[in-house]
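# Structural characterization, general
What follows is the residue order along each chain.
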Amino acid sequence: MTEYSFTIGILTLSDKGARGEREDLSGEVIREMIAAVGEVTHYRVIPDDLETIVETLVDWVDRDGVDLVLTTGGTGLSPRDVTPEATARVLDWEIPGMAEAMRAASMKKTPHAMLSRARAGVRRQSIIINLPGSPKGVRENLEVVLPALTHGLKKLKGDPTDCAR
Ligand SMILES: Nc1nc2c(c(=O)[nH]1)N[C@H]1C(S)=C(S)[C@@H](COP(=O)(O)OP(=O)(O)OC[C@H]3O[C@@H](n4cnc5c(N)ncnc54)[C@H](O)[C@@H]3O)O[C@H]1N2
Ligand SMILES: O=P(O)(O)OP(=O)(O)O
């Protein structure tokens, strides 16, 4: 048993997924990878609609106190890709290093990584992180931030212990 266990929301942004035309393989990848950090208490597949994304993020964080929200999809350049804009609307402040680290590591896998405009940051006492849409993109990005997530969440919640080891 870990000392801390956090609540987690997986929010999949996909027009096809929301219409039932595509199985949400990316949400499944997140679910498998995030198990060590906490319990997935919230999960939805919604269209790439800015207002719906904002509303869902605010509900999950402000109403339900979800500690960590991982989004997948809608971070690129397609006309309906609005996840970064919706996320920016709700963040109190950004964690630029997380988004930078994901892009830097991903550039070693594919030059297309530079097309993801993913953001990461904090609203209240919750962390919100955007991941790209494809299962491969999810895996390659989430594995970069995963080692820092539990520590980051603990610090955000006010853990006073010394960081040095
Ligand atoms: N480390 C990596 N980083 C990135 C990759 C990558 O392969 N590795 N891909 C890059 C590409 S290409 C783009 S473009 C950008 C932005 O991607 P988006 O966030 O805009 O992705 P979407 O357009 O929403 O989806 C792309 C593609 O993925 C499939 N898809 C989407 N959602 C699902 C789902 N829920 N389940 C299964 N498959 C899904 C589908 O074929 C979409 O067309 O990111 C770069 N970063
Ligand atoms: O239906 P979506 O939103 O998953 O988008 P794409 O066009 O990238 O398949």
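Residues numbered from 1 in each chain as written. Chains lettered and ligands numbered in written order. Predicted model: local features only at pLDDT ≥ 70, side-chain atom pairs only at ≥ 80, totals over all residues. Heavy atoms only, no water.

Named according to an unreviewed UniProt entry, the protein chain is Molybdenum cofactor biosynthesis protein B originating from Syntrophotalea acetylenica. Under the UniProt heading Catalytic activity (unreviewed entry), the entry covering the protein chain gives this text: "molybdopterin + ATP + H(+) = adenylyl-molybdopterin + diphosphate". In UniProt, the protein chain has this text filed under Pathway (unreviewed entry): "Cofactor biosynthesis; molybdopterin biosynthesis." (UniProt positions renumbered as here; feature names shortened; annotations may be inferred.)

Right, let's get into the overall build of the protein chain. Looking only at helices and strands, the protein chain features 6 helices and 6 strands. For the protein chain, the succession of helices and strands along the chain, N to C, is β-α-α-β-α-β-α-β-α-β-β-α. By principal-axis analysis of the C-alpha atoms, the protein chain measures approximately 45 × 40 × 30 Å. Counting every position in the protein chain, which comprises 165 residues, the buried fraction comes to 46%. Considering only contacts in the protein chain between residues 6 or more positions apart, those separated by 24 or more positions represent 77%. Total accessible area on the protein chain is roughly 8500 Å²; 53% of this is exposed by carbon and sulfur atoms. Looking at the protein chain, you have 21 positive and 25 negative side-chain charges, and the mean spots of the two groups are 3 Å apart. (Helix = DSSP H or I, 4+ residues; strand = E, 2+ residues; numbered from the N terminus. Buried < 20%, exposed > 50% of the residue type's maximum accessible area, 1.4 Å probe, protein only. Contact = heavy atoms within 4.5 Å. Areas by Shrake-Rupley, 256 points an atom, 1.4 Å probe, with all protein chains shown as cover. Lys, Arg positive; Asp, Glu negative; His and termini not counted. Charge placed at Lys NZ, Arg CZ, Asp CG, Glu CD.)

At alanine 148, helix H6 (residues 135–156) is bent by approximately 45°, the largest bend along its length. Here H6 has its buried residues at Gly137, Val138, Glu140, Asn141, Leu142, Val145, Leu149, Leu153 and Leu156. Following H6 by one or two positions, glycine 158 has its phi on the positive side, about 100°. (Bend = angle between axes of the 7 residues up to and from the residue.)

Let's shift gears to the side chain of asparagine 130. Mapping asparagine 130 onto the fold places it in strand E6 (residues 126–131). Within the local environment of asparagine 130, its side chain forms a polar contact with the side chain of threonine 87, the two groups lying 3.0 Å apart. For asparagine 130, the residues in contact, after removing those within four places along its chain, are Thr71, Thr75, Thr83, Pro84, Thr87, Met102, Ala118 and Arg119. (Polar contact = N/O pair within 3.5 Å; in protein donor to acceptor, adjacent residues only side chain to side chain.)

Between the first and last C-alpha of helix H3 (residues 50–63) there are 19 Å, a value that for 14 residues agrees with the 20 Å anticipated at 1.5 Å per step. Taken together, the buried positions of H3 are occupied by Leu50, Ile53, Val54, Thr56, Leu57, Trp60 and Val61. Buried residues of H3, seen end-on, are gathered within an arc of 165° and therefore sit on one face of the element. In this structure, H3 carries Glu55 and Arg63 as exposed residues pointing more than 90 degrees from its buried face. (Expected span 1.5 Å × (residues − 1). Arc of directions from axis to C-beta.)

Let's shift gears to the side chain of asparagine 141. Topologically, asparagine 141 is positioned in helix H6. Residue classification places asparagine 141 among the buried positions, given a relative accessible area of 7%. Looking at asparagine 141, its side chain comes within polar contact range of the main-chain oxygen of glycine 137, at 2.7 Å. If we ignore the near neighbours within four places in the chain, the residues touching asparagine 141 are Met102, Ser106, Leu131 and Pro132.

Under the local residue numbering, the UniProt record ascribes the feature "domain: MoaB/Mog" (unreviewed entry) to residues 9–152. This span, residues 9–152, is 46% helix and 22% strand, and a straight line between its end C-alpha atoms measures 16 Å.

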